[in-house]
Each structure stands twice: as structure tokens, then as C-alpha cells.
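# Structural overview for review
Next come the chains, spelled out residue by residue.
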Amino acid sequence: MIRSRRCLLGLACVLITLSWLWYTVIVGLVYPDRKNLREHLVAPKKSNSWGTFVCENVGLCGNWDKGGKKWGEKQALGAREAPNFVLEYMPYVFLHSNEKFMPGDIGEHLMHTTPWLNYTPLTTTHPLLSNLDEYNKFGHIYLTSDDDPANPPEWLRGDHNRPNEPKNGDGEDEDIGMSSAPGIIIWTEKGEGIVDAFYFYFYSFNQGNTVAGWRFGNHVGDWEHTAIRFINGQPTSMFFSEHAGGAAYEFSAVEKMGKRPVSYSARGSHANYATPGPHYYAIPFHLLADHADAGDLWDISKNNYIYHYNLTSDVLTPDLKNINAPIEWFHYEGRWGDRFYPMSDSRQYRVVGQYHYVNGPTGPKDKNMDRIDICQNPGPCIVQPSILNRQEKPVRDIYGNLLLDEDDDDVDVEFYGKDDEQAGARNLWSA
């Protein structure tokens, strides 16, 4: 019996080792400096001119109008309003029900990070959204946390940015899903009626996943996104920043609430998926997985900053609805978090080339916004006509109610995505 157990244990160790070797050699070694391709506030709120709510004197709201180009200069750059369809099809994001690291505000993030070069602080002054690009001249800059990520403080966890939950469920809660952390929307024009709209979601910390009790891939700062391609104003395909390069689907295939698509943010890593459930990636035998479900709803239509990006002239312009929003942060070429910790740091460990803490990510400008197809990475882009392993799931409103066809006496519902049983028989608003 003892010998059998030892044999089984030995076999398991061999399989795990081979799995890691397969990932390291075949998929690609994760070098510490390798570029990552995938890469409410408790404060008074006010309604801006287009009806979204923002916080006062914190985060972007205390950072967005300090210096930088003034209104007239930005207007001269050709500021205009985003097409209605960019806003009408703005995705909903479901955070995981056990998410510990909530959405972040990039303005607040800068208040708690300092530019470092070669593990040395350049200054003791915190950068602003309106001057962040000035650090490009120094080289490979890392916005390094002033606090220890191993003991994350409230700002790093984003506790105060948890989206609002419904109060009564009768349709009168106008701020359902509103977070004090704004979504960032950037739209681009590519000719022949093609518009790509990028919906960016920022978090101040990414918690990596575990294998055999070892956690890999923690990093400060986390930029995720979904993207929708419009042709002549109609949505045709959608990209999700999943692990392992992301995935694209025909727009008709993705789950929706009303006409707006739904994205599921994985616990800790915040990778975006088209369906809830476990999502295995990187290594075989299902040893590494993201997990997504319908926890808190984040509705970025309630609080956002909108920009237009001219790919030809490399000019970012704030929308007329938020003309004073800073633009300099977008052109920052460094990392939005700490540099990977050396092995001499007690917080760091490495197993077969995989690190506990890795580099913070680069920003939206580095997400291949001039992509030819909707997929982020170069190479063949497979736009899937249906969600893999999907089962029928009715379109719902934000309260979880079925949306019926008013022209038909019977229930007539379009179906997308996985069914409620596979999603854990969820109630959209269960605790």
C-alpha cells in the first residue's frame, strides 16, 4: 500500500514537472522583463454634464484638471462626441463574486505610486495624469507602489470602488453598477465605415492564479479591455482580453443584457471572458485556470472618460462631454506597476521560470489599437461564430428579468451563452 502511494505521488510529480516544462519550452518562457501582450470612493459625488457620476477631490476627479492642455487647445485638436453606437453597445462587466481586488482609478493609482528606474526612485513626487508622459525620456519606468503589495492597503484593493448594488429592484435605482473607478473608452476610425471601440478596465492590483499551492503572476497595475468592431454603425464582432491571447466572437453570439454585451471578469486576474465558469489556459491537465461568475455588476456607462484616437497622427482627443480630461497619461510608455522583484526579495520565488511577482503592465496605447482584425495579437484572427460549449441563455435586463418581444403574446426570447445551471444557477443580484 505504501509503495503504491509512493508510486502515485511520484507519477503526479512527474506529470506536474512535464506540464511546466511543456509550457516553458513550447508555449514560451515567461521572462521577468518580457512584455505582457495581454496585458465608490467614499466621497461626495456630482453629476457631470452628460449624466454620469464622478467623485470629488479624489482619483481622476482630483487629478484630471491639473496642468496639461487646456480646453481651447484640445478643441483645436478636433474634439468631438463619440458616435451613439459606441455608447449604446457599451459592455457590462460582471466581477467575480469573491473578487478581492476591485476596479481602480488611474488618477488615484498615481497618488500612491512613484516612478522608479532600475529599482531606484527617480523622484519622491507623485506624477499626474497630465504629465506622466514626461517620464518617457528616462527610459523603462515602473510606477512602483508606495505600499507593500504583499499586504495590500485599501487603495490597492479598491474596496471603495465596489460597484453599487440595487436597493429595491423595481427599476428606480439609477446608479446600479456605478463604480467610482471610471471606465476608459477610446474609439478609433479605420476607414470604409469601420470603427473600433475599446473599453478599458483598470485595476490597481492583479492577483495571479495558483498551481499546487504556488501563486504565480501577481503584479501591481492591471489593464484589461474588450473591443467591439462596428461596420457602418453596426456591431459585428467583439474581442475579450482572455488569458492566452484573448478570444473574438461574432457579436450575435455573445451574451447580452438588453442590447449591451456582457463580459465576465476573472477572479483576481480580471481577464475578460464571454462566459462564466472555469477557463483553463497555458498548461495542460487543467492545472491553471481563471474563474469567472456573475458577482457585482460593473456598469461603466455610469462613470467613464471618452476619447478619440487618431491612429495616423497619434493624437488622443477627449470627448466634448469631458473636454478637460487629461491626455498625457495615454502616451506614457512605461509600466503601470512595480518591476518584478529580484530573487533576493523575500516576497519573490520562481518555479520553472514562473515568478510569484512579475512586471506591471503597459497601458492602453500598447494594446495594438491599430489592429487590422478585431483580435489583439498579430497573426490569424479567428472570429468564432458561437461561444464554445454554450447552451441557451435568455437575454435579461439589469435586474435579471427576461426581455420579451412586445409584439408577441408568447415569450419570444433570443438566447446566448451558457445556461444558469452551468453558471451556478445564479441570481444576478444574490449576495
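Use the structure listed above.
Here the structure is a predicted model, which means the values were calculated and not measured. Along each chain, the written sequence defines residue order, and numbers are assigned to residues from 1. Note on the predicted model: pLDDT of at least 70 is required for a residue's local features to be given, and 80 or more for side-chain atom pairs to be given and counted; whole-chain, interface and lining totals, by contrast, use all residues. Side-chain measures were taken over the full set of non-hydrogen atoms in the model, leaving aside hydrogen atoms and water.

It is worth spelling out the state of the cysteines at this point. Defined by distance alone, a disulfide is two cysteine sulfur atoms within 2.5 Å. Summed over all chains, the structure comprises one disulfide. Two residues, Cys375 and Cys381, share a disulfide whose sulfurs are 2.0 Å apart. Measuring handedness by torsion sign, the sulfur bridge of Cys375 and Cys381 sits at about 75° and is right-handed. Given the relative accessible area of 22%, Cys381 is considered partly exposed. Buried means the residue's accessible area, taken with a 1.4 Å probe over protein chains only, is under 20% of the maximum for its type, while exposed means over 50%, and partly exposed covers the values in between.

Further remarks concern the sheet that holds strand β4 (residues 113-117). Spatial strand order, β5-β4-β6: three strands in an open sheet with antiparallel pairing. Only two strands of the sheet have a single partner each, and these edge strands are β5 (120-121) and β6 (142-145). With two bridges connecting them, β4 and β5 associate as antiparallel partners. Looking at β5, one finds that Trp116 is bridged to Pro121. Here, strands pair whenever DSSP counts at least two bridges between them. In this description a helix means any DSSP run of H or I spanning at least four residues, a strand means any run of E spanning at least two, and both kinds are numbered starting from the N terminus.

Bridging between strand β20 (residues 304-310) and strand β21 (residues 315-318) involves four bridges; their strand directions are antiparallel. Bridge pairing in β21 places His308 opposite Thr317. Where β20 folds back onto β21 in an antiparallel hairpin, the turn is made up of four residues, including Asp314, whose phi is positive at roughly 60°.

Take it as geometry only, folks, not as evidence of what the structure does.
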